[in-house]
Amino acid sequence: MSHHVMTHIQTPDGSKYLRHLCKHFNHKVDAEWDDRQGRVFFAMGTCEFRATESMLTVECQADSDEALEVVKEIVKTHFDRFARREAVELAWGITG
């Protein structure tokens, strides 16, 4: 069974963050992206990004709660570092 978590970040820079994160992660793991969506394939799970004019949606999936926590922490740490100048932070929302 797949465990997942999703959040929505209000930002007009969603496309920029999506590209920056996917490009960064692609140095270590497989990633694919364009201006509107991206997917990163970590060993313990995946993370999908979707950008609109005003929002970035981030959804992570893994096979266990423990693996999901690892993916969440990796993505949050990197997003928060990239977004520090704009004072935007990733806060996890819906889990399932």
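Details of the structure are given in the entry above.
Report follows, based on the coordinates. Treat the numbers as computed from the prediction; the structure is a model and nothing was measured. (Residues numbered from 1 in each chain as written. Predicted model: local features only at pLDDT ≥ 70, side-chain atom pairs only at ≥ 80, totals over all residues. Heavy atoms only, no water.)

### So, the overall build of the chain
Our working definition: Under the DSSP-based scheme used, a helix requires at least four consecutive residues in state H or I and a strand at least two consecutive residues in state E, with every element numbered from the N terminus. It is over C-alpha atoms that the radius of gyration is taken, and the globule rule equals 2.2 Å times the number of residues to the power 0.38. The buried label goes to any residue with under 20% of its type's maximum accessible area, the exposed label to any with over 50%, and the partly exposed label to all in between, with areas taken from a 1.4 Å probe on protein chains only. The criterion used for residue contact is that any of the two residues' heavy atoms lie within 4.5 Å.
A count of helices and strands for the chain gives two helices and six strands. Traced from its N-terminal end to its C-terminal end, the chain shows the element sequence β-α-β-β-β-β-α-β. Scaling as 2.2 N^0.38, a compact globule of 96 residues should have a C-alpha radius of gyration of about 12 Å, and the chain matches this with 12 Å. On the principal axes, the C-alpha backbone points of the chain span a range of 35 × 25 × 20 Å. Taken across its 96 residues, the chain has 42% of its residues classed as buried. Within the chain, contacts between residues separated by at least 24 positions form 53% of all contacts whose residues are at least 6 apart in sequence.

### Structural notes on the pairing of strand β2 (residues 30-33)
We apply this condition: Should DSSP find at least two bridges between two strands, the strands are regarded as paired.
Note that β2 and strand β3 (residues 37-42) share four bridges and pair antiparallel. Looking across to β3, one finds that Glu 32 is bridged to Arg 39. Taken together, β2 and the strand that follows it, β3, pair antiparallel across an intervening segment of three residues.

### Concerning the packing of aromatic side chains
Aromatic ring pairs are reported here in terms of the distance separating the ring centres and the angle at which the planes meet. Under the convention used in this document: Centres within 6.5 Å make a pair out of two Phe, Tyr or Trp rings, where for Trp the six-membered ring is used; the pair is then stacked when the planes are under 30 degrees apart, edge-to-face when over 60, and tilted otherwise.
Applying the stated rule across the entire model yields two aromatic pairs. The interplanar angle of 80 degrees and the centroid separation of 5.1 Å between the aromatic rings of Phe 25 and Phe 42 together place this pair among those described as edge-to-face. Residue Phe 25 is located in helix α1 (residues 14-25), and its partner Phe 42 is located in strand β3; the two are separated by 17 residues in the primary sequence. By relative accessible area, which is 6% here, Phe 25 ends up buried.

### Focus on α1
So the rule is basically this: Under the convention used throughout, the expected extent of a helix is 1.5 Å for every residue step, that is, one less than its residue count. The arc in question is the one traced by the directions running from the helix axis out to the C-beta atoms.
With twelve residues, α1 should cover 16 Å at 1.5 Å per step; its first-to-last C-alpha distance of 16 Å lies within 8% of that length. For α1, the complete set of buried residues consists of Gly 14, Ser 15, Tyr 17, Leu 18, Leu 21, Cys 22 and Phe 25. Here the buried residues of α1 occupy an arc of 160 degrees about the axis, which is enough to place them on one side. Elements in contact with the buried residues of α1: β2, β3, β4 (45-51), β5 (55-62) and α2 (65-82).

### Remarks on the environment of Glu 89
Basically, it comes down to this: Between N or O atoms, a polar contact is any pair within 3.5 Å; within protein, one atom must be a potential hydrogen donor and the other a potential acceptor, and residues adjacent in sequence are included only when both atoms are from side chains.
By the element assignment, Glu 89 lies in the loop between α2 and β6 (94-95). Judged by relative accessible area, which is 57%, Glu 89 ranks as exposed. Counting along the chain gives 72 residues from Glu 89 to Tyr 17, while the straight-line C-alpha distance between them is 12 Å. Dropping the residues within four chain positions of it, Glu 89 is found in contact with Lys 76, Phe 79 and Asp 80. A polar contact is formed between the side chain of Glu 89 and the side chain of Lys 76, at a distance of 3.2 Å.

### Here's the deal with the environment of Val 40
Among the structural elements, Val 40 can be located in strand β3. Counting along the chain gives 26 residues from Val 40 to Glu 66, while the straight-line C-alpha distance between them is 18 Å.

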